[in-house]
Amino acid sequence: MKIIIDSAGKIAALAAQQYVDLLKRKPNAILGGATGSTPLGLYAELVRLNKAGEISFKDASSFNLDEYVGLDGTHDQSYRYFMDHNLFDHIDIDKSRTRVPSGIDVSDPSAYDKEIAAAGGVDLQLLGIGNNGHIGFNEPGTPFGSLTHVVELTESTRDANKRFFKSIDEVPTHAVTMGVKTVMQARSIILMAIGPAKAPIMKEMLQGPVTEKVPASVLQLHPDVTVYMDFEAAKLL
Ligand code: F6R
């Protein structure tokens, strides 16, 4: 595992460089997307590099980690909407090759794993981390062998995400997420953490035992992970 600690601006630029290198080497790479506050700086940097002609996504595809159950892509808090507005609408990717799990038809979530496998598997998966150690919406206690599935969100996750909704009652109670095993099958993984609220969990994830109680700790077992943290997220290491 590679660990990089720098300012939020610098880690966004360094992570973006990983995308530049990958897409130069493999223009049709499959990217694993994440939402939330953490990737916003990286996505802004990717948009800038794309407009400057330094990176092209025209042959790339993507699979996002997760989606709220019950929200369709036109809902402004859906993760499809987030991806379109913060990245896909501003880069040269073919939108028909960008996938976000459906929050409406959740009858066969593991079909998503089959789609990913049929496409050749994710080359570079981006992750944020929840204050409770979740990756995607794999909350503490999720089996490491899990594939894409529907989860009931914990109160702590709903509370952390209520800032985007009018009230906590509007925060969906369920989500569909790639499983821990789905994430671990990616050839390379980037995990980013920004801000002091992430400091305790970064210590647990990196220096604690590998345990299903801290889903992100499983990344200690992956052969190609780069963790990018700002100084605040790294302050307890
Ligand atoms: C988002 C996702 C979540 C977030 C995590 C951190 O697609 O899967 O695991 O990465 O909740 O969220 P932020 O970045 O808002 O702190």
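Residues numbered from 1 in each chain as written. Predicted model: local features only at pLDDT ≥ 70, side-chain atom pairs only at ≥ 80, totals over all residues. Heavy atoms only, no water.

1. A few points about the site of the ligand
Taken together, 14 residues lie around the ligand, and T38, D66, H134, G136 and K198 are the ones closest in. T35 places a side-chain nitrogen or oxygen 2.8 Å from an oxygen atom of the ligand. Within the side chain of H134, an N or O atom sits 2.7 Å from an oxygen atom of the ligand. Taking 410 Å² as the accessible area of the ligand by itself, protein coverage stands at 92%. Along the lines of polarity and charge, the residues of the shell around the ligand split into three nonpolar, eight polar and three charged. (Near = heavy atom within 4 Å. Polar contact = N/O pair within 3.5 Å; in protein donor to acceptor, adjacent residues only side chain to side chain. Areas by Shrake-Rupley, 256 points an atom, 1.4 Å probe, with all protein chains shown as cover. Nonpolar A, V, L, I, M, F, W, Y, C, P; charged D, E, K, R; others polar.)

2. Brief notes about the sheet that holds strand β4 (residues 66–68)
Pairing is antiparallel across the open sheet formed by three strands, whose spatial order is β4-β8-β7. Whereas interior strands pair on both sides, the edge strands pair on one side only; in this sheet they are β4 and β7 (149–152). Neighbour to neighbour, the strand axes of the sheet diverge by 25 degrees on average, direction disregarded. Pairing of β7 with strand β8 (residues 174–177), which is carried by four bridges, proceeds in the antiparallel orientation. Residue pairing for β8: E152 is matched across the bridge by H174. (Pairing = 2+ DSSP bridges. Helix = DSSP H or I, 4+ residues; strand = E, 2+ residues; numbered from the N terminus. Axes fitted to C-alpha atoms, helices over the stretch in contact; angles between N-to-C directions.)

3. Topic: the sheet that holds strand β2 (residues 30–33)
What holds strands together in a sheet is hydrogen bonding between their backbones, with the strands either parallel or antiparallel. On the basis of which strands lie adjacent, the open sheet formed by seven strands has the order β1-β10-β9-β6-β2-β3-β5 and parallel pairing. Strands with a single pairing partner mark the edges of an open sheet, and in this sheet they are β1 (2–6) and β5 (98–99). With five bridges connecting them, β1 and strand β10 (residues 225–230) associate as parallel partners. Within the sheet, the bridge partner assigned to I4 lies in β10 and is Y228.

4. Considering the pattern of salt bridges
The tally for this structure, following the rule as stated, stands at 11 salt bridges. For D123, the salt bridge goes to K26, with nearest N and O atoms at 2.9 Å. One end of the pair, D123, is in the loop between α4 (111–119) and β6 (124–127); the other, K26, is in the loop between α1 (8–25) and β2, with 97 residues separating them in the sequence. The salt bridge involving E155 is made with R158; its shortest N-O contact spans 3.4 Å. Of this pair, E155 and R158 both sit in helix α5 (residues 155–161), three residues apart, roughly one helical turn. With a relative accessible area of 10%, R158 lands in the buried category. (Salt bridge = Lys/Arg side-chain N within 4 Å of Asp/Glu carboxyl O. Buried < 20%, exposed > 50% of the residue type's maximum accessible area, 1.4 Å probe, protein only.)

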